[in-house]
Amino acid sequence: MPDDIALLRESLRAGVAARAAGNHPFGAVLADAEGKVLMTMGNAWLTDKGPGHAETNLAREAARTYAPEFLADCTLYTAFEPCSMCSGTIYWAGIGRVVFGVTEARLLQLTGDNPENPTMSLSCRDVLAAGQRHVQVEGPFPELEDEIIRSHDGFW
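As the structure is a computational prediction, the values presented were derived from the model and not from experiment.

Caption draft 1: Representation of the layout of surface pockets. Looking at the largest pocket, its volume works out to about 330 Å³. Among the elements that line the lining of the largest pocket, the one with the most residues is helix H5 (residues 84–93), at three residues. Of the residues belonging to the lining of the largest pocket, the class tally is ten nonpolar, seven polar and four charged.

As structure tokens, then:
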């Protein structure tokens, strides 16, 4: 059984690395059913601007790399709830589970009206529930909120 807290922290580290590289401080991790990390991606703001979200980057690469039957048993971990674009990409990639630390609504409070992060008021649960196949969603994890929010200190 995967250690969701440890893997959320791994996604947080990927976000810190993305920030150190000059991108937005978001990261994502793909793990198999046992919790083995298969890939890690960071935000790609410098090259892709708005669509360069870590979760979208990871889901796209996962779909290129693994069969849908395999991805159905995998989990995407991300410190912040996937936006509607990322949720759609996760769905279309065939990833079967999403675990996030902090809600999109809390991210909006953090980033405000920053034009580089025009947060939408649409939960990943709503986006994923609109699909024909089930994607399990876990989150938020209030015990990680302060740690996750600190990773954005001074950025927005």
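Caption draft 2: Quick look at empty space enclosed by the protein. Scanning the model with the defined rule gives one cavity of 30 Å³ or more in all. Of the pockets and cavities examined, the largest cavity occupies roughly 30 Å³. Together, Ser11, Leu12, Gly15, Pro25, Phe26, Gly27, Thr78, Ala79 and Phe80 line the largest cavity. The set of elements that each furnish at least two residues to the lining of the largest cavity consists of helix H1 (4–20) and strand S3 (75–80). Each residue belonging to the lining of the largest cavity can be placed in one class, and the counts come to five nonpolar, four polar and no charged.

Caption draft 3: Unusual backbone geometry, seen in detail. Following glycine 139, the chain continues into proline 140 via a peptide bond in cis, with omega recorded as 5°. Mapped onto the fold, proline 140 is located in the loop between strand S5 (136–138) and helix H8 (145–150). The phi torsion at lysine 49 lies on the positive side, around 55°, for a residue other than glycine. Structurally, lysine 49 can be placed in the loop between helix H2 (45–48) and helix H3 (54–65).

The rules we used
- Residues numbered from 1 in each chain as written.
- Predicted model: local features only at pLDDT ≥ 70, side-chain atom pairs only at ≥ 80, totals over all residues.
- Heavy atoms only, no water.
- 1 Å grid on protein atoms, 1.4 Å probe; cavity = no way out; pocket = protein on both sides within 12 Å on 5 of 7 lines; lining within 4 Å.
- Points joined across faces, edges and corners; volume = space filled by probe spheres on them.
- Helix = DSSP H or I, 4+ residues; strand = E, 2+ residues; numbered from the N terminus.
- Nonpolar A, V, L, I, M, F, W, Y, C, P; charged D, E, K, R; others polar.

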